[in-house]
Amino acid sequence: PPAPNPESIPRLFLKNMCSKRMDEAALTKFFGGVTHIQWLTDRRTGKFYGSAFVEMATPEDAARAVAMDGRKVLGRPIRVKYQKADPKDAWPLPQCAVGTADY
């Protein structure tokens, strides 16, 4: 069952992902409804370190994803939580749209 989402938040923070094997295809296969992914990378090296902000198509898709918190993806228990939007953020970023990311 979906996790409670009383504030109808469609944005998520994911962490503990496999930094060597996680990519857009793997992420969208595990979580249906992903529209945008902002991969978090090391500022100096540009290397992905296992965390990302994700926008889901609907708050219901987000609730289903949060309900999978702790499930193993590519051998690691992925952590998923709601992420409230910061009013100062320009989110979602166009370059983060699924199918357009360059990583």
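Whatever comes next refers back to the structure up there.
Residues numbered from 1 in each chain as written. Predicted model: local features only at pLDDT ≥ 70, side-chain atom pairs only at ≥ 80, totals over all residues. Heavy atoms only, no water.

K.L.:
Which parts of the structure should I look at to understand the pattern of salt bridges?
P.N.:
Opposite charge on two side chains lets them pair, provided their charged atoms get close. As enumerated under the stated definition, the model contains three salt bridges in all. Among the ionic pairs, Glu 7 bridges to Lys 84, the shortest N-O distance being 3.2 Å. Within this pair, whereas Glu 7 is found in the segment before strand E1 (11-15), its partner Lys 84 is found in the segment after strand E6 (79-82), the two being separated by 77 residues in sequence. The salt bridge partner of Asp 69 is Arg 79, with a shortest N-O separation of 2.9 Å. In this pair, Asp 69 is assigned in the loop between helix H2 (59-66) and strand E4 (72-73) and Arg 79 in strand E6, connecting sequence segments 10 residues apart. Exposure remark for Asp 69: the relative accessible area of 29% places this residue in the partly exposed category. Residue Arg 79 is classed as partly exposed on the basis of its relative accessible area of 38%. (Salt bridge = Lys/Arg side-chain N within 4 Å of Asp/Glu carboxyl O. Helix = DSSP H or I, 4+ residues; strand = E, 2+ residues; numbered from the N terminus. Buried < 20%, exposed > 50% of the residue type's maximum accessible area, 1.4 Å probe, protein only.)

K.L.:
I tried to follow the environment of Gln 38 on my own but got confused; where do I start?
P.N.:
Inspection of the secondary structure assignment puts Gln 38 in strand E2 (residues 34-41). Gln 38 sits in the partly exposed class, given a relative accessible area of 23%. Counting along the chain gives 47 residues from Gln 38 to Ala 85, while the straight-line C-alpha distance between them is 14 Å.

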